[in-house]
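Close look at the chain arrangement
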Number of protein chains: 4
Amino acid sequence: MPKNVKPVYYGDYLQLDKLLDSQQPHSKMYGPEAHDEMLFIIVHQVYELWFKQVLHELRAIYKEFRAEQLDDRALQLVAHRLRRVLTIQDLMNDQVGVIETMTPQEFLEFRDYLVPASGFQSIQFKELEIILGLTRDTRIAFDQQSFYNRLNDEHRTYLEELETQPSLFDCVDQWLSRMPFLQFDDFSFWDVYQQAVTDSLDRDEEIIRQNAADDGQLETELASLQVNRDNFSALFNNERYKSLQEDNRVRLSQRAMLSALFITQYREEPAFHLAHQVITSLAEMDEKLTIWRYKHAMMVQRMLGTKIGTGGSSGHDYLRRTTEQNRVFKDFFAMATYLLPKSALPELPSAVRQALGFYFRHDD
Amino acid sequence: MPKNVKPVYYGDYLQLDKLLDSQQPHSKMYGPEAHDEMLFIIVHQVYELWFKQVLHELRAIYKEFRAEQLDDRALQLVAHRLRRVLTIQDLMNDQVGVIETMTPQEFLEFRDYLVPASGFQSIQFKELEIILGLTRDTRIAFDQQSFYNRLNDEHRTYLEELETQPSLFDCVDQWLSRMPFLQFDDFSFWDVYQQAVTDSLDRDEEIIRQNAADDGQLETELASLQVNRDNFSALFNNERYKSLQEDNRVRLSQRAMLSALFITQYREEPAFHLAHQVITSLAEMDEKLTIWRYKHAMMVQRMLGTKIGTGGSSGHDYLRRTTEQNRVFKDFFAMATYLLPKSALPELPSAVRQALGFYFRHDD
Amino acid sequence: MPKNVKPVYYGDYLQLDKLLDSQQPHSKMYGPEAHDEMLFIIVHQVYELWFKQVLHELRAIYKEFRAEQLDDRALQLVAHRLRRVLTIQDLMNDQVGVIETMTPQEFLEFRDYLVPASGFQSIQFKELEIILGLTRDTRIAFDQQSFYNRLNDEHRTYLEELETQPSLFDCVDQWLSRMPFLQFDDFSFWDVYQQAVTDSLDRDEEIIRQNAADDGQLETELASLQVNRDNFSALFNNERYKSLQEDNRVRLSQRAMLSALFITQYREEPAFHLAHQVITSLAEMDEKLTIWRYKHAMMVQRMLGTKIGTGGSSGHDYLRRTTEQNRVFKDFFAMATYLLPKSALPELPSAVRQALGFYFRHDD
Amino acid sequence: MPKNVKPVYYGDYLQLDKLLDSQQPHSKMYGPEAHDEMLFIIVHQVYELWFKQVLHELRAIYKEFRAEQLDDRALQLVAHRLRRVLTIQDLMNDQVGVIETMTPQEFLEFRDYLVPASGFQSIQFKELEIILGLTRDTRIAFDQQSFYNRLNDEHRTYLEELETQPSLFDCVDQWLSRMPFLQFDDFSFWDVYQQAVTDSLDRDEEIIRQNAADDGQLETELASLQVNRDNFSALFNNERYKSLQEDNRVRLSQRAMLSALFITQYREEPAFHLAHQVITSLAEMDEKLTIWRYKHAMMVQRMLGTKIGTGGSSGHDYLRRTTEQNRVFKDFFAMATYLLPKSALPELPSAVRQALGFYFRHDD
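An unreviewed UniProt entry lists chain A under the name Tryptophan 2,3-dioxygenase, with Pseudidiomarina maritima as the source organism. UniProt, in its Sequence similarities (unreviewed entry) section for chain A, records the words "Belongs to the tryptophan 2,3-dioxygenase family."

With respect to the overall build of chain A
The secondary structure content of chain A amounts to 18 helices and zero strands. Expressed as a percentage of the 364 residues in chain A, the buried residues total 66%. Sequence-distant contacts, at least 24 apart, represent 74% of the contacts inside chain A between residues at least 6 apart. For chain A, the computed accessible surface area is about 13,200 Å², with 51% contributed by carbon and sulfur atoms.

Quick word on the nonpolar core
Phe332(A), Phe332(B), Phe332(C) and Phe332(D) are the most contacted members of the largest nonpolar core, which totals 477 residues. Filtering out sequence-adjacent residues up to four positions away, Phe332(D) remains in contact with Val172(D), Leu176(D), Leu252(D), Ala260(D), Ile279(D), Leu282(D) and Ala283(D).

Thoughts on the pattern of salt bridges
Here the idea is simple: oppositely charged side chains can pair when their charged atoms come close. With the rule as written, the count across this model stands at 82 salt bridges over all chains. Ionic pairing is found between Arg84(B) and Asp36(C), a salt bridge with its closest N-O pair at 2.6 Å. Placement of the pair is Arg84(B) in helix α5 (residues 72–99) and Asp36(C) in the loop between α3 (27–30) and α4 (37–66), with the two residues belonging to separate chains. Ionic pairing is found between Arg229(C) and Glu205(C), a salt bridge with its closest N-O pair at 2.9 Å. With a gap of 24 residues between them, Arg229(C) in helix α12 (residues 215–234) and Glu205(C) in helix α11 (residues 189–211) connect regions that are remote in the sequence. Each of Asp36(A), Glu106(A), Glu57(D) and Arg84(D) takes part in salt bridges that share partners, so that together they form one network.

Remarks on the UniProt feature "binding site: heme" (unreviewed entry) in chain A
The sites that carry the UniProt feature "binding site: heme" (unreviewed entry) are, in the present numbering, His296(A). Topologically, His296(A) is positioned in helix α15 (residues 270–304).

Observations concerning the interface of chain C and chain B
Every contact between the two is made by 71 residues of chain C and, on the other side, 72 residues of chain B. Taken together, both faces of the contact between chain C and chain B bury some 6,800 Å²; the carbon and sulfur share is 65%. Counting every contact that joins chain C to chain B gives six salt bridges. A salt bridge links Glu106(B) to Arg84(C), with the shortest nitrogen-to-oxygen separation between them at 3.6 Å. Counting every contact that joins chain C to chain B gives 38 residue pairs in polar contact (both at pLDDT 80 or more). Within the residue set of the side of chain C that touches chain B, elements represented by two or more residues are α1 (10–13), α2 (16–19), α4 and α5 (72–99) of chain C. Within the side of chain C that touches chain B, the residues separate by chemical class into 32 nonpolar, 24 polar and 15 charged.

Some details on the UniProt feature "binding site: substrate" (unreviewed entry) in chain A
When the UniProt feature table is mapped onto this chain, "binding site: substrate" (unreviewed entry) is found at Phe40(A), Ile41(A), Ile42(A), Val43(A), His44(A), Arg111(A) and Thr310(A). Structurally, Val43(A) is set in helix α4 (residues 37–66). Apart from residues lying up to four places away in sequence, Val43(A) is in contact with Gln95(A), Val98(A), Ile99(A) and Trp50(D).

Some words on the packing of aromatic side chains
Residues and elements named next belong to chain D. Going through the model one piece at a time under the given rule, you end up with 82 aromatic pairs over all chains. Here Phe 40 and Phe 110 contribute two aromatic rings whose centre-to-centre distance is 5.4 Å and whose plane-to-plane angle is 65°, an arrangement assigned as edge-to-face. On the criterion of sequence distance, the pair formed by Phe 40 in helix α4 (residues 37–66) and Phe 110 in helix α6 (residues 104–111) is long-range, its members being 70 residues apart. Judged by relative accessible area, Phe 110 falls into the buried class, the value being 0%.

What to know about the interface of chain D and chain A
Taken together, the contact pairs 72 residues of chain D with 72 residues of chain A. Overall, the association of chain D and chain A removes approximately 6,800 Å² of surface from exposure, summing both partners, and the carbon and sulfur fraction of that is 65%. A per-residue breakdown of the area chain D buries against chain A is headed by Tyr9(D), Tyr10(D) and Tyr13(D), which together make up 12% of the total. Our count for the contact surface shared by chain D and chain A stands at six salt bridges. Sorting the residues of the side of chain D that touches chain A by element identifies α1 (10–13), α2 (16–19), α3 (27–30), α4 and α5 (72–99) of chain D as the ones contributing at least two each. In the side of chain D that touches chain A, the residues fall into 33 nonpolar, 24 polar and 15 charged.

Regarding helix α15 (residues 270–304) of chain D
For α15(D), which comprises 35 residues, the first-to-last C-alpha distance of 51 Å matches the rise-based estimate of 51 Å (1.5 Å per residue) to within 8%. Of the residues one or two after α15(D), Gly305(D) is the one with positive phi, at around 60°.

A short note on the packing of helix α7 (residues 123–132) of chain B against helix α15 (residues 270–304) of chain B
Working note: a packed helix pair is described by the angle between its axes plus the distance between those axes. Residues and elements named next belong to chain B. Axis separation between α7 and α15 bottoms out at 13 Å; the angle between their running directions is 145°. As for how α7 packs across α15, the hand of that crossing is left-handed. Contacts between α7 and α15 involve Phe 125, Glu 129 and Leu 132 from the former and Met 285, Leu 289, Trp 292 and Arg 293 from the latter. Broken down by class, the residue content of the contact of α7 with α15 amounts to five nonpolar, no polar and two charged.

As for unusual backbone geometry
Note: most peptide bonds trans; most residues except glycine with negative phi. All names here are of chain A. Backbone geometry at Gln 15 places phi at a positive 50°, although glycine is not the residue there. As for its placement among the helices and strands, Gln 15 is situated in the loop between α1 (10–13) and α2 (16–19). For Gln 15, a relative accessible area of 14% puts it in the buried group.

Some remarks on the relation of the copies chain C and chain B
The two copies are related by a screw operation: chain C maps onto chain B through 180° of rotation and 0.0 Å of translation along the axis, at an RMSD of 0.0 Å. The two molecules are tied by a two-fold rotation axis, judged by turn and shift. An overlap of 100% is found between the interface residues of chain C and their copies at the interface of chain B, pointing to a shared contact surface.

Focus on the relation of the copies chain D and chain A
Once chain D is rotated about the relating axis by 180° and shifted along it by 0.0 Å, it coincides with chain A to within an RMSD of 0.0 Å. Mapped onto chain A, 100% of the interface residues of chain D again fall at the interface, so both copies present the same surface.

Some points on the environment of Leu274(B)
For Leu274(B), the position within the fold is in helix α15. Considered as a pair, Leu274(B) and Arg249(B) are 25 residues apart in the sequence and their alpha carbons are 27 Å apart.

Focus: the confidence of the model for chain A
All names here are of chain A. On average, residues of chain A score 86 in pLDDT, and 87% of them reach the 70 mark or higher. Ignoring residues within four places in sequence, the model shows residues 358–364, a span with pLDDT below 50, making 22 contacts including any to other chains. Among the scores for the predicted complex, ipTM is 0.92 and pTM is 0.92.

Cut-offs and rules
- Residues numbered from 1 in each chain as written.
- Chains lettered and ligands numbered in written order.
- Predicted model: local features only at pLDDT ≥ 70, side-chain atom pairs only at ≥ 80, totals over all residues.
- Heavy atoms only, no water.
- UniProt positions renumbered as here; feature names shortened; annotations may be inferred.
- Helix = DSSP H or I, 4+ residues; strand = E, 2+ residues; numbered from the N terminus.
- Buried < 20%, exposed > 50% of the residue type's maximum accessible area, 1.4 Å probe, protein only.
- Contact = heavy atoms within 4.5 Å.
- Areas by Shrake-Rupley, 256 points an atom, 1.4 Å probe, with all protein chains shown as cover.
- Core = buried A, V, L, I, M, F, W, Y, C linked by side-chain atoms within 4.5 Å.
- Salt bridge = Lys/Arg side-chain N within 4 Å of Asp/Glu carboxyl O.
- Buried area = accessible area lost by both parts, 1.4 Å probe.
- Polar contact = N/O pair within 3.5 Å; in protein donor to acceptor, adjacent residues only side chain to side chain.
- Nonpolar A, V, L, I, M, F, W, Y, C, P; charged D, E, K, R; others polar.
- Phe/Tyr/Trp six-rings, centres within 6.5 Å; stacked < 30°, edge-to-face > 60°.
- Expected span 1.5 Å × (residues − 1).
- Axes fitted to C-alpha atoms, helices over the stretch in contact; angles between N-to-C directions.
- Left-handed = near helix turned anticlockwise from the far one by under 90°.
- Least-squares fit on C-alpha atoms with pLDDT ≥ 70 in both.
- pLDDT = per-residue confidence, 0-100.

Rendered as structure tokens:
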């Protein structure tokens, strides 16, 4: 191979001439350079590089989900790449600590020169959100329109186009819905399962009645338990499930939700191992993104107090509000509400277990 | 020295016989041991050990603040120990990742045996909150009374006693109020300063008007700017400041707030270096505690969905609500709202600078 | 269930009376308490708690490997628990930063009262090393005997007994040796593979000759390449492989090594997914332990310079020397030397691929 | 201000057109793109961006040290910026985990296309080493010349020029040497101090004799103790100190070493607070760099086993060897050898303490 390969020089390979020439502090244009503007620029550039890498992985994952079929070799690749995204997210979350080494005053030395630039204008980040499956109607109000007004036409058109494509969320939903585990002849799994969950919710009610600190709490807890009962029974009732979706209480389709439940319950089954890893990683990705938004919000508050951001809106509030709402795979979290301990789990008929095992045992 | 020192054996020194004999999974009392209960126990025990260490540091810091005078040697010790607390907090925040290696199902295997035990019953954690300065009226509703009902008498009495003591917050407030920097003859610092801040708020208004994405946003932003103007001018008006305090909009006393502002503005002055470090560390401690509550809330949701916790209340909601409200040193964050860039800062008269410098220059 | 469960109180469940009563600074026995001795005690106690948890996981994993057969459900459990161990190790590695908040002088305030206690006397840590598979002859000289002299009889006997048991390393070796993937009729995998590796080593030689900075380097690199050639061909020659083992150049048995290579090369095969995860996790466990030893050594040097430790030996040197040598799964690292890019990999006959796939496809 | 400021757009400010156009996988030039080459490129580019930021801070620090005088305002800035560098280093060390999500095989898919590029060719990293104070004769053999041969002329000339400048190490040495704390009339500090250290080394000898596990260890430990005695007494003997320097056993000048010792011993003195922070941060910077080299070496071994790197030399060995030797501020570590507990410290005459305190007490 190396024969026909032309020799490579480190700096050329990484295009360091361009990369290291892309930091131009604006303070210099109006007076002496503010020492800390360099940090501000580089921290944001590093985030953009990581965004590019995360998008690189997500697009590859997306492609697998869009393919004719998603066999286990592909699924393994998906799981492997999702784990990589999670590792990068951990780093991005810790990186908030680097920008926090800048004091509010050091920031004020150049902040006014950045107006009206704003993190809202990071196209890659919006792209990330859209690919994951954040849609206008699931975004917080501000995100639904007004931030689009800040983008140049090229960027706005690009993102609006992207919003018309199916998202990773949609792909995952279809993939889960396709799963054939929901009906097995002579295996009334769901009846047994519903009974078991109902029993466990009854136990919860008992616990509440025995331990409520006062009437107020008793009432609140019983009410939220009732919500759980309703949501659960809705899982088995097309009509009621639809209305849950309309109220944005669940987002996954009914079939996908049931498959996800089944896979999570029987994750020890070899055939579910990868699928369960993928589901868990998607939930973790959501969680880490949420923590990033949260730490980011804290950092902005620390830097600006309740001052407005360079974009002309108080970033701190904005970020705080998105933290909770801009979540895509929340259903996977909520699912824990209906999980049973292994001990309380209906035994799978051996035919089914067999079907879920390996044809080939490497320890025979 | 070693002459009269009796030889020490590692295991005896650390009392490992007791320490490693304190893990008794309850699942064993009702059936086969749930493998993961050990993790659950040890993770909580490690937290309790860190709480003990943090309390050890906070009490020592507290003692310095309560002393006759707090000279720079003492202040340095305070700063040093606060930094240690921050390091421990980082570890405690990362530790959430360890408990997250337990799946919801693995937790359900023993969860029912823990009823009605609950993290609310961690006396050391409540002690930590109280020493920092969390008071009943600053707590969220649930914390104000009902969790006390869950404690045994000894613990309840102990905490209620503790609540009658001055907190670290109170000490810090008094220490800041004592500072003499607020009046210097012939140095109209505060007039100059107020003018400068007003100018900067005017610039903010301009930015808003130039960049608001739409009328809705314009209105919102101008409103929040007005709040900043009001809060700021209140800093110099005893009456209005009192009312801000009554509405829980600020907690620090007026003098303390102004000292904190002055110190932060002139942090480069040698005499302020330590004081500024202490203020910053206290704010960071608050921030890290907030992030711990937040990650903790995410973890509970992931483990239980919207199920109730073993204590009979949905811990996830509880933790989420405390995240924002149970903050003690929030004022130090808000302060950034009124900070000026060094360039816009009134020059200190040389007499004052001299007073804030070292008598002794080790680079003469 | 909860009916017959007796109510649990948080503090009783965690046995906090014992746990939080196990910190007795010795400085108090000889004068005023050294403030930082508490940190020293608690940091070590936390390590001991984590050691207990890691041992809890390793023993469970060990049990699976010792069982009649290790089916995929079991293997998944093994992989899951190894990941947990890795997460705990990350935390233990970061924890070094907490002890580093103690200055050398703060340590000297109580160091003399600890003589001759020493970390060598942590039975759980030695147990951990032995269970993993660290044997006397693979330990560094000092570890082979003299540290045993520091233990009380009970502990020495316990560890010496333990050394007679098969270790996790032995189990993993047997498990890999059992694998039937090494002979498939009409599939001359190993011949094809050897040829491919030889080609790649030839390419390396070319690279060396083209790029050696000078003759000295050329010689060194060609020599180390020759070592790789010899080691590789030894993999297929019982006699020469045995001699590599006798020189402690490899530790895995020949069959195990070849299975590990095969699994790593074809990790995308569903049937290998879990096995590959286990191999990788074991290598990472080794790596993280090594990094812990290294950071630990740095910390000791920082605390004591080249002073001796309380145990009467210079811990810094000791730890530094163990860092490299006390590794158990080093062969998994070295393996990369013989890996081929997927593109250069001999295609598996469809019969074999079929055998390695799932009987059941959940995306048909 | 904002009036005359021209509006800024996020993407233009960060020059994302250039930044995000600098990733060109070479595998594409010879066949299908290797998915993981993007990760490889971006990880290295992020490192280069952080190097640029660290150099930005170090040059600013360097400038302060080179200035006419280094007053406390400047020293505070130095301490602040060193802390920032440490925070960035932590992130760089964790970043190794991201590249480790690439399997050896995934790397082999494109490795051959990178020949003979090599990390040795990172000019910024070499610059970092040189600015800190790594000189040819303190480097490991390989670094002394042969890697220069891999650089293009422009880069080689640039670095060789840089090597003729005084380094940060030199500046720190001069700064410490300038300190006047070494002679105070009627204060025989150093006599008292030498006696106290000798006593403590005698105690160490006692500990060794009482606890040596066997004769071999006894001998070794006594020998290394003797080395400490010799090195220590050399601190007060110009001739012998010079010879220690010639043997590369110490690098700091004698005066600088004594100042550093004095400052570390009396760090509680307000006037030493900043100086001590700077010394500690420099030592930590060295330590974190060492850990980065170490983790980096582990990662390379994992990726290539004992295969040669793309640069044609086995990077793993190289990095392992530099880990220990390429350290600049090692003397600050070794210093702990001669530290005394506060209790054993000679009391400073009040005249001296006064001199080291603040003229102005803000808690009177």
